[in-house]
Amino acid sequence: MSTAHTASTVKERADLALNDEFLRKAVKFTTERLRNGKKQASEEHGNWDDWRERGRQIRLHTIAHLDYYLNLFANNARANGVHVHFAETSAEAVKLSLEIAQRKQAKSVVKSKSMVTEELHLNHELESIGVEAIETDLGEYIIQLAGETPSHIIIPAIHKNRYQVADLLSKEAGETLAPDTSILAGFVRKKLREKFLEADIGMTGCNFAIAETGSMVLFENEGNARMVTTVPKTQITLMGMERIIPSWADLEVMATLLPRSATGQKLTVYMSGITGPRRQADADGPDEMHIIIVDNGRSLQLGDPEFQELLNCIRCGACLNACPVYRHIGGHAYGGTYSGPIGAVLTPALQKNVAEWDDIANASSLCGACYEACPVKIPLHEMLIYLRRRKLEQGHGNAAESIGMKGFAAVMGNAKRYAGIVKLGKLGQKLVVRDGGIRLKLGPLKGWNTYRVTPSLPKKSFRDQWGTLEQELRHGLQELDPNVRSRMESIMRERDNKGGNGHG
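The name that an unreviewed UniProt entry assigns to the chain is Iron-sulfur cluster-binding protein, with the source organism given as Paenibacillus glycanilyticus.

Asker: Looking at this model, I keep getting lost on the packing of helix α8 (residues 138-146) against helix α9 (residues 162-173). Mind explaining?
Answerer: A pair of packed helices is characterised by two quantities: the angle between their axes and the separation of those axes. In contact at an axis separation of 10 Å, α8 and α9 are set at 70° when each is read in the N-to-C sense. Comparing the axis directions of α8 and α9 gives the class roughly perpendicular. Contact residues: α8 offers Tyr-141, Ile-142, Leu-145 and Ala-146, while α9 offers Val-165, Leu-168, Leu-169 and Glu-172. Residue classes in the contact of α8 with α9 are distributed as seven nonpolar, no polar and one charged.

Asker: What's the story with the pairing of strand β2 (residues 108-111) in this structure? I'm lost.
Answerer: Consecutive side chains along a regular strand alternate between the two faces of the sheet. Of the two faces of β2, both are covered, the one formed by Ser-108 and Val-110 as well as the one formed by Val-109 and Lys-111. As paired strands, β2 and strand β4 (residues 201-204) are joined by three bridges and run parallel to one another. Looking at β4, one finds that Lys-111 is bridged to Met-203.

Asker: So what exactly am I meant to see when it comes to the pattern of salt bridges here?
Answerer: Pairing of side chains with opposite charge becomes possible as their charged atoms draw close. This model, assessed by the stated rule, comprises 22 salt bridges. For Lys-377, the salt bridge is made with Glu-53, and the minimal N-O distance between the two is 3.0 Å. Of this pair, Lys-377 sits in the loop between α16 (369-373) and α17 (380-393) while Glu-53 sits in helix α3 (residues 48-64), and the two are 324 residues apart along the sequence. Residue classification places Glu-53 among the partly exposed residues on the basis of a relative accessible area of 26%. Its salt-bridge partner being Glu-288, residue Lys-104 comes within 2.6 Å of it at the nearest N-O pair. Of this pair, Lys-104 sits in the loop between α5 (90-103) and β2 while Glu-288 sits in strand β10 (residues 288-294), placing them 184 residues apart in sequence. Here Lys-104 falls in the partly exposed class, since its relative accessible area comes to 35%.

Asker: Can you walk me through the nonpolar core in this structure?
Answerer: If you look at the biggest cluster of nonpolar residues, it comprises 55 residues, and the most contacted ones within it are Phe-208, Leu-310, Tyr-334, Ile-342, Val-345 and Leu-380. Residues contacting Leu-380, with those up to four places away along its chain left out, are Leu-310, Cys-319, Pro-341, Ile-342, Val-345 and Cys-370. In this structure, Ile-63, Tyr-69, Leu-218 and Met-241 belong to the second largest nonpolar core, which totals 23 residues.

Calculation rules
Residues numbered from 1 in each chain as written. Predicted model: local features only at pLDDT ≥ 70, side-chain atom pairs only at ≥ 80, totals over all residues. Heavy atoms only, no water. Axes fitted to C-alpha atoms, helices over the stretch in contact; angles between N-to-C directions. Helix = DSSP H or I, 4+ residues; strand = E, 2+ residues; numbered from the N terminus. Parallel < 35°, antiparallel > 145°, perpendicular 65-115°, else oblique. Contact = heavy atoms within 4.5 Å. Nonpolar A, V, L, I, M, F, W, Y, C, P; charged D, E, K, R; others polar. Buried < 20%, exposed > 50% of the residue type's maximum accessible area, 1.4 Å probe, protein only. Pairing = 2+ DSSP bridges. Salt bridge = Lys/Arg side-chain N within 4 Å of Asp/Glu carboxyl O. Core = buried A, V, L, I, M, F, W, Y, C linked by side-chain atoms within 4.5 Å.

This is the structure in structure tokens:
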């Protein structure tokens, strides 16, 4: 278990992560590679913002008519021979999964990568009834051996380097394996091949469900999901209720946006479209297929003007790679299944429990990099502000912070009061300023000055200098081209008429 999981608050978990040199280097290296890959792939594609807008419109339309498309998908999937189940809660989804496993007298389940099963803690639940659950995605397999949870939506073991991976796999192999990626991958491939052949059930997530045909689509790079969906006799797919799109034509847009945003690939290596269980003429595939459509708090966002767009997410992980906070502290510091900016919003939104997760919305600089990276333009930075507001409205605010903000408003709302405070500040700072900066680690300055230096107040502020600067500006107008001067004078007159003389 990662040490980040043992701390109770985001700040405590972040402090642990910041002191983990291996983690910081590994996360920084991989996120930079992914971010640069996305940048290159999107630039080479051309018209990237047009494609983002098209993706956004598809998702907006689908979520606005989610009941229609879910019913259409379920009816078409059932017509294809699929058993479709709806689970309102995580407990219901787990119960359905365990009932299928018990009815099949399953001894083992092989799983392809699925964030929904992580959300449900399904591996643990399967093991509790004596069913072995084996992750077959390389990254998921690594963290399963480590007894950890994913720290990235796309690359679960992003926080580990090849030396740490070699140690884990060496214990599993019973011999020392060299920290060479080809050797390590070769061992895992051989190990998992046996598991595929022995498994009673194959379990997957769902990247996209196609309403018009009742099909489900998986994106992957390793080929393990194809083994999971073709070798075992029974298949269970768990999909979040929002994973649906209307048509195969819409999939073209998503198949363009997702791999470029996630890993910088033009196309994912494997894209599997599955429409029902094996037919009589098919060479492989499951004899029985179940799709469990999971709500687990998703429907709470429907009709909410501040959070409905959260359901547009296509789980590409681009916001994590762009986020300066995530790049420093990794995923486990967020404390939930989903990390990064999407996790900071999704976790409290799904659970409708701002009290429990009231600190997670503060794990952001609100720089907006997540919005710029998002292939479907989800305004996560604005949602983080909405969460902070709801936290205060529900009475979970910090009393000292509330008093401080009221004091700030009182000072900034009055020019004379502001000027007086600045003068006092200039006098008081003489006690703590050293070499032009304040390094005192006390009170509200402690967090900032642990990693930075607070600049001292200048002897003469911009407001103090404005009178002289305004005179210089007006004098400079006389030396300009007559047409330019005329426009500038017009602007200055308009500003003066509105009372904008630079003073409160």
